[in-house]
Every structure is written in structure tokens, then in C-alpha cells.
Amino acid sequence: KSYEFKMQNISAVLALNELLEIGGVQRLALVTPYAADVQQRIVAHYAQAGIEVVAERHLGICVNHDFALVEPATLHALMREVAAGDASRRPQAISTYCTNLRAAPLAAAVEAELDIPLLDTVSTTVWGALRAVGVDPSQLRGWGRLFGWR
């Protein structure tokens, strides 16, 4: 007996990219734990896609396990930093770009304070997975405005 499985490819970044398109985001801010060389490649990738990274912060961490040790308060402070500045260069979204960061639970507070959507990559993964199995992501609350984006 043979079985045919139809599956969509889902990843944090594929879902993030889809959300950036849905949201019409052209100015993005990035917060990551990564080293400068990795951050530069991410910024270059988005520039090539026509999305300007208007602000970024990275922590220079190189050990995968250590990404998870970054305190949520540190992430929140970094998000405040990337949101600050000239209104004409204000990001249309902030991405916490690493699935080992504990940023998803901060979404409601960050969005209320900064009035900028938080596209955390844990949240983007969940959003993409829900859509892939035919579940309306808008049923999920507290993980960011992105769950209402269509």
C-alpha cells in the first residue's frame, strides 16, 4: 500500500517573509542574539528582497544554547531602541529573529507600548503552522497582531 502525503514547507523565516508581504512591510527592525557577520547576512537578504532594515541590534552571541539565556527584559529594551528615532525611518514591524529567544510572550506589551507589530520568529512559526493545517490563526491571542493578518 502506498500513501501520498501533501505537506507545505513551514519555517520561521518563510512565515516571517509571508507576513512581511501581507503586511506591506518595507521598513523592518531586527533584534537578534547573533554575531555581526550573521546579522549582516540577514540584513543583506532583506535588502535584496526590497525591505530596508532601518534599525538593528544584535548581541554577538555565538553559542546556540546561550541564545535562550537572553532575558526577556533585555529583548524588550532592545525593541525600544530599534523603535526609537526619526519618524520617517520608523520601522513598520520589529522582528525578534531567533527561535531560541523568549520574545513571543512580550508581544502584547511591546505592541501596546511601541505601536509597532512584533513578528517574533516563534510566533511566525506557529502562525505558518496553523495556516498550513487550515486553522484560522486569528483565534490565538496574546502573541501579537500578526495572528490577525491575512
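Note that this is a predicted model, so its numbers are computed, not measured.

**What about the packing of aromatic side chains?**
Link 1 in the chain: Scanning all chains against the criterion turns up 2 aromatic pairs.
Link 2 in the chain: Relative to Phe67, the ring of Tyr34 has its centre 5.3 Å away and its plane inclined at 85 degrees; by these criteria the two rings are edge-to-face. Note that Tyr34 is positioned in the loop between strand E1 (27-32) and helix H2 (36-48) and Phe67 in helix H3 (residues 64-67), a separation of 33 residues in sequence. With respect to class, Tyr34 is no different from Phe67; both count as buried.
Link 3 in the chain: Taken together, a centroid distance of 6.4 Å and an interplanar angle of 90 degrees make the contact between Tyr46 and Tyr97 edge-to-face. Here Tyr46 is found in helix H2, whereas its partner Tyr97 is found in the loop between strand E3 (93-96) and helix H5 (107-114), with 51 residues between them in sequence. The burial state of Tyr46 is the same as that of Tyr97; both residues are buried.

**So, the environment of Ala104**
Link 1 in the chain: Relative to the elements of secondary structure, Ala104 occurs in the loop between E3 and H5.
Link 2 in the chain: The class of Ala104 is buried, set by a relative accessible area of 4%.
Link 3 in the chain: Along the backbone, Ala104 and Thr121 are 17 residues apart, and their C-alpha atoms lie at a distance of 8.0 Å.
Link 4 in the chain: Among all residues touching Ala104, those that are not within four sequence positions of it are Asp120, Val122, Ser123, Gly142 and Trp143.

**As for helix H1 (residues 12-22)**
Link 1 in the chain: For H1, the complete set of buried residues consists of Ala12, Ala15, Leu16, Leu19 and Leu20. Projection of H1 onto a plane perpendicular to its axis shows the buried side chains occupying an angular sector of 140 degrees, all on one side.
Link 2 in the chain: Along its buried surface, H1 packs onto E1, H2, E3 and helix H6 (121-132).
Link 3 in the chain: Remark: Gly24 follows H1 within two positions and exhibits a positive phi of approximately 65 degrees.

**Concerning H5**
Link 1 in the chain: For H5, the complete set of buried residues consists of Ala107, Val110, Glu111 and Leu114. In an axial view of H5, the angular spread of the buried residues amounts to 95 degrees, which keeps them on one side of the axis.
Link 2 in the chain: Each element contacted by the buried residues of H5 is listed here: helix H4 (72-83) and E3.
Link 3 in the chain: One or two residues past the end of H5 sits Asp115, with phi positive at roughly 55 degrees.

**Remarks on the sheet that holds strand E2 (residues 52-58)**
Link 1 in the chain: In spatial order, the strands read E2-E1-E3; together these 3 strands make up an open sheet with parallel pairing. One side of each edge strand has no neighbouring strand; the edge strands of this open sheet are E2 and E3. Between one strand and the next, the sheet's axes are offset by a mean angle of 20 degrees, whatever the strand orientation.
Link 2 in the chain: Across the sheet, H2 is in contact with E1 and E2; its angle to E2 comes to roughly 165 degrees.
Link 3 in the chain: Along the sheet, H4 makes contact with E1, E2 and E3, crossing E1 at roughly 155 degrees.

Criteria and thresholds
Residues numbered from 1 in each chain as written. Predicted model: local features only at pLDDT ≥ 70, side-chain atom pairs only at ≥ 80, totals over all residues. Heavy atoms only, no water. Phe/Tyr/Trp six-rings, centres within 6.5 Å; stacked < 30°, edge-to-face > 60°. Helix = DSSP H or I, 4+ residues; strand = E, 2+ residues; numbered from the N terminus. Buried < 20%, exposed > 50% of the residue type's maximum accessible area, 1.4 Å probe, protein only. Contact = heavy atoms within 4.5 Å. Arc of directions from axis to C-beta. Pairing = 2+ DSSP bridges. Axes fitted to C-alpha atoms, helices over the stretch in contact; angles between N-to-C directions.

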